[in-house]
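The residues making up each chain are set out below.
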Amino acid sequence: MNVKINESWKKVLNSEFESDYFFQLKNFLIEEKKHHIIYPPGSQIFAAFDLTPFDEVKVVILGQDPYHGVGQAHGLCFSVQNGVKPPPSLQNIYKEMENDLGINISESGNLEKWAKQGVLLLNATLTVRANFAGSHQNKGWEIFTDNVIKALSEQKEGLIFILWGNYAQAKELLINTKKHYILKAAHPSPFSVYRGFFGCKHFSKTNGFLSQMGKTEIDWSLI
């Protein structure tokens with residue numbers, strides 16, 4: 001696997017890359033690629049880690065799976081590549097940003113601007129078979145990303161973890177809540193957005209926490 005990942009993460013995750021489970025995961029992906037199209041492209045699987053160095057992480061947004069449609073996934077949770085229409089969950093994220101901060105809704109679904117400011121956009125599973133949601137779950141990725149969350153919790157202080165939906169909120173067990181901030185709400189999916197996502201004001205709350213710590217706030221605008 002051609003791992004394009006920032007050097008700061010290589011130091012933190014080297015033992016993961018050399019572990020038995022990761023070796024098995026690599027073999028699974030090699031076999032999958034022989035018979036199926038896999039998203040995101042290989043060079044973008046670790047894009048979240050490449051764009052947001054370990055030393056610069058300030059905020060963590062947790063997703064579950066990459067998008068499984070053509071040209072969507074590029075290694076950042078909730079984000080899609082330039083030229084691809086923002087999916088419904090991302091459209092709802094934009095609506096909440098507009099209501100919370102008065103930010104104009106972007107036609108682009110590319111969230112790289114956030115990643116470059118220290119927002120780690122982390123999916124629990126980093127790959128998926130084309131048109132087959134959840135197809136790479138329970139193959140080893142969750143072990144890897146759980147250990148990423150643990151490393152962030154243990155080695156850093158004052159991070160803001162944004163947990164949308166039950167799946168992400170289950171990861172709270174991996175986080176030292178005495179050292180870090182946790183923001184929880186319903187998932188922005190159309191199926192749950194009215195159960196507490198709209199009105200959560202997580203974008204302004206995140207900047208409030210950053211300001212309290214003397215850190216630079218996130219510019220959430222994408223236009």
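Keep in mind that what you see is a predicted model, and the values were worked out from it rather than measured.

**What to know about helix H4 (residues 88–101)**
Under the 1.5 Å per step criterion, the end-to-end length of H4 is 20 Å for 14 residues, consistent within 8% with the ideal 20 Å. Inspection of H4 places Ser89, Leu90, Asn92, Ile93, Tyr94, Glu96, Met97 and Asp100 among the buried residues, and these make up the whole buried set. Packing partners of the buried residues in H4 comprise helix H5 (112–115), strand E5 (160–164) and helix H8 (202–212). Once H4 finishes, Gly102 follows within two positions and takes phi at roughly 75°, a positive value.

**Overview of the side chain of Thr145**
Along the chain, Thr145 turns up in helix H6 (residues 141–155). Note on Thr145: relative accessible area 1%, which makes it buried. There is a polar contact of 3.5 Å between the side chain of Thr145 and the backbone oxygen of Glu142. Ignoring anything within four residues of it in the chain, the contact list for Thr145 reads Leu122, Asn123, Ala124 and Leu126.

**Brief notes about the packing of H4 against H8**
At a closest axis distance of 8 Å, the pairing of H4 and H8 adopts a crossing angle of 60°. As the angle between them shows, H4 and H8 are arranged oblique. Along the contact surface, H4 presents Ile93, Glu96, Met97, Asp100 and Leu101, while H8 presents His202, Phe203 and Ser204. Residue composition of the contact of H4 with H8, by class: four nonpolar, two polar and two charged.

Cut-offs and rules
- Residues numbered from 1 in each chain as written.
- Predicted model: local features only at pLDDT ≥ 70, side-chain atom pairs only at ≥ 80, totals over all residues.
- Heavy atoms only, no water.
- Helix = DSSP H or I, 4+ residues; strand = E, 2+ residues; numbered from the N terminus.
- Expected span 1.5 Å × (residues − 1).
- Buried < 20%, exposed > 50% of the residue type's maximum accessible area, 1.4 Å probe, protein only.
- Contact = heavy atoms within 4.5 Å.
- Polar contact = N/O pair within 3.5 Å; in protein donor to acceptor, adjacent residues only side chain to side chain.
- Axes fitted to C-alpha atoms, helices over the stretch in contact; angles between N-to-C directions.
- Parallel < 35°, antiparallel > 145°, perpendicular 65-115°, else oblique.
- Nonpolar A, V, L, I, M, F, W, Y, C, P; charged D, E, K, R; others polar.

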